[in-house]
Structures are given as structure tokens and as C-alpha cells.
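Below are the chains, spelled out letter by letter.
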Amino acid sequence: MKTIIIYSSTYGYTKDCASELSKQLKGEVLLVNVSTDKIPSLNEFDNVVIGGSIYMGQISKKIKAYCTSNIDLLKNKRVGLFLCCGLPENLEKNIKNSFPEELLKKAISLQSFGGELRAEKMKLTHKILTGFMKKSAAKEGKALAKQMPENIAKLAAIISK
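Structure report, in brief.

So, how was this worked out
Residues numbered from 1 in each chain as written. Predicted model: local features only at pLDDT ≥ 70, side-chain atom pairs only at ≥ 80, totals over all residues. Heavy atoms only, no water. Core = buried A, V, L, I, M, F, W, Y, C linked by side-chain atoms within 4.5 Å. Buried < 20%, exposed > 50% of the residue type's maximum accessible area, 1.4 Å probe, protein only. Helix = DSSP H or I, 4+ residues; strand = E, 2+ residues; numbered from the N terminus. Contact = heavy atoms within 4.5 Å. Arc of directions from axis to C-beta. Expected span 1.5 Å × (residues − 1). Salt bridge = Lys/Arg side-chain N within 4 Å of Asp/Glu carboxyl O.

## Points about the nonpolar core
In this structure, Ile6, Ile50 and Phe99 are the most contacted members of the largest nonpolar core, which totals 26 residues. Elements with a minimum of two residues in this core: β1 (2-8), β3 (47-53), α2 (61-69), α3 (71-74), β4 (78-84), α4 (91-98) and α5 (101-106). In this structure, Ile6 is in contact with Val32, Val34, Ile39, Leu42, Val48, Val49, Ile50, Gly51, Ile63 and Tyr66, ignoring residues within four places of it in sequence. Within the second largest apolar cluster, 15 residues are counted, among which are Ile5, Leu21, Cys84 and Ile159.

As C-alpha cells, then:
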């Protein structure tokens, strides 16, 4: 069984999650960063896992464009989707904003891997926005950016079946 994981990562959390997922999957696995790597033809893969981080309610434009332009190929594969986001309760809304509806209907698993705020790596604008998010979450008594490794294991189990 061959699996490709196509992801986009801004500050490294998504890359770390994709790497951990690759270790838990059975068979041959290829990790591809859509921003830096050439994506091979999907014809040689049984499974396709696609994911990325959410900023301002959106996934990377490159992930979104890849899914849209390859929808016919993706519909004929076993597809798993994941998002890394600071507010997992927004998963359903973020999933709908991130992937084509046809792909969402076809996916065998949709998972949130949670998030991790890596402020030391952030651009100034993201640091400022993160500060506002932290204050807002604290006022509402919500946790911000909880890691969810159990969902990595859940996706790995489903894809490996």
C-alpha cells in the first residue's frame, strides 16, 4: 500500500503532524510539502492524505488550488483530510472553507490535529493576531491551540485499513 501526504505548513506544527502521521501509517509513505516540493502523479498511490494549517479561517491557497485542480483524480482515491487549527470547535466550518464539497463527500476521514502557537517563529502580524486571540479565548474561558495527537493516530488507523 502506498500513501502520499500532501501538506502545507507555515510555522512547523503541520509539518510535525504530517511527519508523525507518516510514521504511524502502514506501507510506503511519501511526504510532500506543497510549498517546496514537486507533487508526483497520484496514479502510483492508493491513499492520499491532504492537510494544512488554518489562518484567518482559511487553508493555504496552494492546498486549496491543488484539491480543486485535481478533484477528478482525488475522487478515485482513498482520501483523508486534516486541519491544524487553534480552535478545534471551528473544524466543521474550516473544513467546508478549505476543501471542495465533492472531496469532502468522498473523504474517508476528516480530522483536526489541534494546534500549537509557535510565537517565536511568527511574523509580526501573526503575533499581534495571536495576542488578540489569546485575550479573547481567556475572556471566554476557552483553551487555545491544544495538540490532538490522538486524532493523528485515528487517521493513521483509518488510512491503514
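What follows continues from the structure just given.
## Side note on α4
Among the residues of α4, those classed as buried are Leu91, Asn94, Ile95 and Ser98. One face of α4 carries all of its buried residues, which in axial projection span an arc of 105°. Those residues of α4 that are exposed and aimed more than 90 degrees away from the buried face are Glu92, Lys93 and Lys96. On its buried side, α4 packs onto α2, β4, α5 and β5 (109-112).

## Description of helix α7 (residues 149-160)
Here α7 spans 17 Å end to end across 12 residues, near enough to the 16 Å set by a 1.5 Å rise per residue. Among all positions in α7, only Asn151, Ile152, Leu155, Ala156, Ile159 and Ser160 are buried. The buried residues of α7 occupy an angular sector of 165° when projected down its axis, which confines them to one face. If you follow the buried residues of α7, they end up packed against β1, α1 (13-24), β3, β4 and β5.

## A closer look at the pattern of salt bridges
With the rule as written, the count across this model stands at 6 salt bridges. For the salt bridge of Asp72 with Lys75, the shortest nitrogen-to-oxygen distance reads 3.7 Å. For Lys75, a relative accessible area of 31% corresponds to the partly exposed category. A salt bridge links Glu101 to Lys105; its shortest N-O distance comes to 3.4 Å. Note that Glu101 and Lys105 are positioned in helix α5 at a spacing of 4 residues, about one turn of the helix.

The values reported here are purely geometric and, on their own, carry no functional implication.
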